[in-house]
Structures are given as structure tokens and as C-alpha cells.
Amino acid sequence: MSDIPGDLKFTKSHEWIREEDDGKVVVGITDHAQAALGDLVFVEPPEVGSEVAVGEACAVVESVKAASDVYSPVSGEVVEANEALADSPELVNQDPYGDGWIMRIELSDASELDRLMDANSYEATLED
Amino acid sequence: MGKKTVNYDVHVEQGARMVDFGGWDMPVHYGSQIEEHHAVRTDAGMFDVSHMTVVDIDGAAAGAYLERLLANDVGKLTTPGKAMYTCMLNEDGGVIDDLITYYLGDGDYRLVVNAATRDKDMAWLEQQTEGIDVAITERPDLAMIAVQGPNAREKAAACLPSQHRDAAMSLSPFFAARLGDLLVARTGYTGEDGWEIILPADSSEEMWRAFAAVGIRPCGLGARDTLRLEAGMNLYGSDMDETTTPLESGLGWTVAWEPQERRFIGREALEAQRREGVPRKLVGLLLEDRGVLRAHQKVLVDRVGEGEVTSGTFSPTLSRSIGLARVPAGTGDSVDVDIRGKRLAARVVRPPFVRHGKARV
């Protein structure tokens, strides 16, 4: 059974979003996603300073067997990417909601957060 | 729902994630593909390869039939038990399939061909028997388990019937022996020592569980792919197919040109290609930058032209990306690869990348 923290928001494409106090969000991929991908061996982070739109492919996670896009759950500016993943992509497998975070985005439209799923809704999509 | 090997239930019980492979539901990994990979490089792992197609070729004319059918020469196989890797070509020299043939005695051969090509292979084998007295018998009653790794033979031997252990342990590389109802072959697809064991399907689960009990780690097709690629071994359908000849696929060494009077299917096309110059070659690539080579990425060769990655992955042993690529014949020792719009540098190397646990590049 995959881990789905109750304090996060989620997308259908298996990203998680943690709201911070200052209008920024942290984004990663869910425990379910990392388990489905298997051992990650490379993460191509988004470019810091780039503008991203909701649903835009902005990072790539690669397991031994395939490359998968990470889609931005919100619109805004990428203000930070997790540099530790360059040397240790396996952090995404080991700690998907913690050290395995992928990027920090400064929101351009906070109302977009309302369209994301809560933990219960996300869990329901996994059961389908 | 795909076809299931006889070991399907035990795979699921052991935690396998199952995926479709050539119409079969097969384990891709049992938790960690990378750990499975390292188990084979450093200790012992096992693969259920029962989806592969086993075909017996019997009859007085079997040798002559295979001498015409296969680009490598079964005439070289004079010691019973000897195995040989070869391509089966069409008239244009394109590769219908690659396979292992075991010479078990006069008029007694066994082929192991790929699962995904089973239908066309069987049709081709049948089609070429016209006027030849040879029996082609597919063996769906058999299963196949590969045990691979530096400790694989030692561990697996303990699970074989006691009267067969010495004979199994004394097999030389690329030799096989019928031991009771097993065919034990010192062959594999990982670049490590080990056996491929063909056995009655109804005893396969028991053997699999016995191997697991002595510490041979179940491994999925994911690790099988990274292991074979590190070992520089081609995968049919990715690195070669009917549109490429062995000479363009790094498999020139498997084509037996002598004796000249052996008119194997595809020979004339290969001779013509050799005369006119082989336009492309299959090379190994080591990615210099961070990233992962994948099949179908474009290879850019300055002042020479373009090629394509045919297989690519992250090498768990080398901790960097490796691949095979088909490139223009004039390609030198460095190329660029287009990965999502970026040009990343790669070094051209001669496979294997890894052999017997050691880096070779």
C-alpha cells in the first residue's frame, strides 16, 4: 500500500504539492509513482527562473527502464530545483515526500490550488 | 491478459511486478531492478525464460537443413553438447531472428528462439523443410530457467539430482548436456558464468523454489536487459531486425563464410553488401554527460551523418549511461546524441561494457 500524506495535495499524474506560507509550493512525485517507475537513475530538473504553466512537462525522471515527464501542478516561476537529485536520484525512491522533492514554484495564481486533489481523492484514483 | 509461464504464480507470490513482453505476462522486477542486477554481477540470480520458444530439429537431414537455414555453420559443431549463437536470415540478408542452437548428436539439434518472433520463426522453419526429411517439433511442454552469476553454478548444483551434479559442474562454457530430463547448458545472456536449464514444465516451479531456497535471487526482465546490454549482447527487434544484416549489427563474427560452398539463406545478399561496403555499423556508446541513452534517440556524427541509438539504459555496474547505436560506417570515436533537444557527448566504444563483473571500457 502506498503512502499518501494527508497534508498534501495531489494530481492525477501523481505529483504531490506542499503549500508553504510564502506563496510558494514544493512539488515532487508520489510514493505510488516512484514505486511504479522503479529505481530512478536520473532526474532532469526544471530550469530555475523558468515560467511553467499548469500541466506543462517541466522535469524528467528516468528509471532504469524509461523516462517519464513530471508535470507542473500549478502555474508560476520555478524558484528552486533539488540539486541533490543530480548525484542522488534514488532520494526520490527513498523519501518521495521529503529529500526526494523535485522543485519549488512561486505561484502566479493561488486559486489553482483549489483544483488539486486531497489525499482521499487521490487515493480513490489509485483504486480505479 | 497475456500468456503465463508455468512459474507465474510463484513470481506473483515472490512480489514480481508483471508486464507484457511479446504477449507474455512476465516479471519485470521483484522490487528493485538494480539490486537484481548487482546480484547477478556479484553472486547469483535467476530468470524465468520459459516464454522463449524451444524447437527440436530431428532427422538424418537435420544437419544439412540447418547448414542452409543458419548464417553460422552447424557443421562446426562436432562434439555433442556444443552450443552455437547464430542469426537466421531471409534472402535479403535481414535477420529473421537470432538464436542458440545446441548440437546434441547426429540428427539431433535443439534451437531456442525468441518469444516475440515465435510465429514467424515457426512458419519459416516449416517453409524451409520442403523436400527435406526433417522433423520440426515445438516444445511447449518445456520450461527454461537461467541461473547466472559468479556463484550461480555452485548454488544451483546443490538443487540438481545428486547423480547429475558432477556432470553439470564439469560442463565447459558453451556446452550443454542432457542430464535425466534436464538439458543443462553453460550459456546465458548476462556476461556472467551460469547455466540455462531447460526442464519439464511440470517440474519447473519446484526447481525455481529450490533455487530461491539456496539464495539464488529471482530477477526480472528489467535486470536481464541491463545485464545483456552491459555484456554488449544484441536484443532482437531493437538492435537488429529484418531490415538490417548481421554485418550492420555487430554480428559479423557469427557469419561463417567458410566453407564457400555452403549456400546458406542470405549469403548472396551478405556477399554483395561486403563487396560494396557495409554502410552502417553497430557500436557501443558511453554517455559522457549526465542523462540516459534510450532507443531511437538520434546520433549526430560531425561531417559524417546521423545514426540512431538502438538500445540504451543506465548501467548499474558503471553508474553511467550506455547504449548501442547504429551509425554510419565512417564514424570515429566520439559522437553527440540528441536527448530531448540537447546535444550530449558520447564516446564510441567496443562492447562489452562489462564482463565477469569487471568494467571493460
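Computed from a prediction, not measured in an experiment: that's the story for all the values here. (Residues numbered from 1 in each chain as written. Chains lettered and ligands numbered in written order. Predicted model: local features only at pLDDT ≥ 70, side-chain atom pairs only at ≥ 80, totals over all residues. Heavy atoms only, no water.)

1. What about the nonpolar core?
Residues and elements named next belong to chain B. If you look at the biggest cluster of nonpolar residues, it comprises 33 residues, and the most contacted ones within it are Phe 47, Leu 89, Tyr 102, Val 112, Ile 198, Val 255 and Leu 270. At the level of elements, strand S6 (83-89), strand S7 (95-105), strand S10 (142-148), strand S12 (182-185) and helix H8 (221-230) are the ones that each hand at least two residues to this core. Among all residues touching Phe 47, those that are not within four sequence positions of it are Val 40, Met 144, Ile 145, Ala 146, Gln 148, Thr 190, Trp 208, Cys 219, Gly 220, Ala 223, Arg 224 and Leu 227. (Core = buried A, V, L, I, M, F, W, Y, C linked by side-chain atoms within 4.5 Å. Buried < 20%, exposed > 50% of the residue type's maximum accessible area, 1.4 Å probe, protein only. Helix = DSSP H or I, 4+ residues; strand = E, 2+ residues; numbered from the N terminus. Contact = heavy atoms within 4.5 Å.)

2. Focus on the sheet that holds strand S6 (residues 57-63) of chain A
Residue and element names in this part refer to chain A. Spatially, the three strands line up as an open sheet ordered S4-S6-S7, and their pairing is antiparallel. With partners counted over all chains shown, the strands left at the sheet margins are strand S4 (40-44) and strand S7 (67-71), one partner each. Each strand of the sheet is rotated relative to its neighbour by a mean of 25°, with strand direction disregarded. The pairing of S4 with S6 spans four bridges and is classified as antiparallel. By the bridge assignment, Glu 44 is partnered in S6 with Val 60. (Pairing = 2+ DSSP bridges. Axes fitted to C-alpha atoms, helices over the stretch in contact; angles between N-to-C directions.)

3. Description of the interface of chain A and chain B
In this complex, chain A contributes 15 residues to the contact, which on the side of chain B involves 14 residues. Taken together, both faces of the contact between chain A and chain B bury some 1,400 Å²; the carbon and sulfur share is 48%. At the junction of chain A with chain B, the criterion picks out five salt bridges. Taking the shortest distance from any N to any O, the salt bridge between Lys 342 of chain B and Glu 44 of chain A comes out at 3.7 Å. For the interface between chain A and chain B, the tally reads twelve residue pairs in polar contact (both at pLDDT 80 or more). Broken down by secondary-structure element, the contributors of at least two residues to the side of chain A that touches chain B are helix H1 (31-37), S4, S6 and helix H2 (84-87) of chain A. Residue classes in the side of chain A that touches chain B are distributed as nine nonpolar, one polar and five charged. (Buried area = accessible area lost by both parts, 1.4 Å probe. Salt bridge = Lys/Arg side-chain N within 4 Å of Asp/Glu carboxyl O. Polar contact = N/O pair within 3.5 Å; in protein donor to acceptor, adjacent residues only side chain to side chain. Nonpolar A, V, L, I, M, F, W, Y, C, P; charged D, E, K, R; others polar.)

4. So, the pairing of S10 of chain B
All names here are of chain B. Burial of S10 is extensive: seven of the seven residues sit out of reach of the surface. Neither face of S10 is open: one carries Leu 142, Met 144, Ala 146 and Gln 148, the other Ala 143, Ile 145 and Val 147, and all of them are buried. Pairing analysis gives four bridges linking strand S4 (residues 45-48) to S10, with the strands arranged antiparallel. Within S10, the residue paired with Asp 48 across the bridge is Ile 145. Relative to strand S13 (residues 194-200), S10 runs antiparallel, the two sharing seven bridges. Of the residues in S13, the one forming a bridge with Ile 145 is Ile 197.

5. A few points about the side chain of Ser 50 of chain B
Residues and elements named next belong to chain B. Tracing the backbone shows Ser 50 in the loop between S4 and strand S5 (53-58). A polar contact is formed between the side chain of Ser 50 and the backbone nitrogen of Met 144, at a distance of 3.0 Å. In this structure Ser 50 touches Thr 5, Asn 7, Ala 143 and Met 144, once residues within four positions along its chain are discounted.

6. A few points about the pattern of salt bridges
Scanning the model with the defined rule gives 35 salt bridges over all chains in all. Note that Lys 155 of chain B is salt-bridged to Asp 43 of chain B, the shortest N-O span being 3.0 Å. One end of the pair, Lys 155 of chain B, is in helix H5 (residues 152-157); the other, Asp 43 of chain B, is in the loop between helix H2 (33-42) and S4, and 112 residues separate them in sequence. In this structure Lys 155 of chain B comes out as partly exposed when scored by relative accessible area, which is 23%. The residue Arg 320 of chain B makes a salt bridge to Glu 288 of chain B at a minimum N-O spacing of 3.6 Å. Highlighted residues: Arg 320 of chain B in strand S18 (residues 320-328) and Glu 288 of chain B in the loop between strand S15 (280-287) and strand S16 (298-301), separated in sequence by 32 residues. Arg 320 of chain B gets classed as partly exposed once you look at its relative accessible area, which sits at 27%. Note on Glu 288 of chain B: relative accessible area 43%, which makes it partly exposed. Through salt bridges with shared partners, a single network forms among Glu 44 and Glu 62 of chain A together with Arg 294, Arg 340 and Lys 342 of chain B.

7. Some thoughts on the packing of aromatic side chains
On inspection of all chains with the given rule, the structure shows four aromatic pairs over all chains. Relative to Tyr 97 of chain A, the ring of Trp 16 of chain A lies with its centre 5.9 Å away and its plane at 55°, an arrangement referred to as tilted. Taken together, the residues span a long stretch of sequence, with Trp 16 of chain A in strand S2 (residues 15-19) and Tyr 97 of chain A in the loop between helix H3 (91-94) and strand S9 (103-107) at a distance of 81 residues. Taken together, a centroid distance of 5.3 Å and an interplanar angle of 45° make the contact between Tyr 103 of chain B and Tyr 109 of chain B tilted. The exposure class of Tyr 103 of chain B is buried, given its relative accessible area of 6%. Taking the ring centre of Tyr 8 of chain B as reference, the NZ or CZ of Lys 4 of chain B above it sits at 4.6 Å. Just above the ring of Trp 257 of chain B sits the side chain of Arg 274 of chain B; from NZ or CZ to the centre is 3.6 Å. (Phe/Tyr/Trp six-rings, centres within 6.5 Å; stacked < 30°, edge-to-face > 60°. Lys NZ or Arg CZ within 6 Å of the ring centre and 35° of its normal.)

8. A short note on the environment of Ala 167 of chain B
All names here are of chain B. Note that Ala 167 resides in helix H6 (residues 165-169). Overall, Ala 167 belongs to the partly exposed group, its relative accessible area being 32%. The spatial distance from the C-alpha of Ala 167 to the C-alpha of Pro 279 is 46 Å, given a sequence separation of 112 residues.

9. A few points about the domain arrangement of chain B
All names here are of chain B. What the domain assignment lists for chain B is domain 1 (1-275) and domain 2 (279-359). Each of domain 1 and domain 2 has a C-alpha centre, and these two points are 26 Å apart. Every contact between the two is made by 25 residues of domain 1 and, on the other side, 23 residues of domain 2. When domain 1 packs against domain 2, close to 1,800 Å² is buried across both sides, 54% of that on carbon and sulfur atoms. In this structure, the connection of domain 1 to domain 2 is made through one salt bridge. As a salt-bridge pair, Arg 280 and Glu 248 come within 3.2 Å of each other at their nearest N and O atoms. Taken together, domain 1 and domain 2 are joined by 14 residue pairs in polar contact (both at pLDDT 80 or more). Counted by class, the side of domain 1 that touches domain 2 contains six nonpolar, twelve polar and seven charged residues. (Domains from an automatic or database assignment.)

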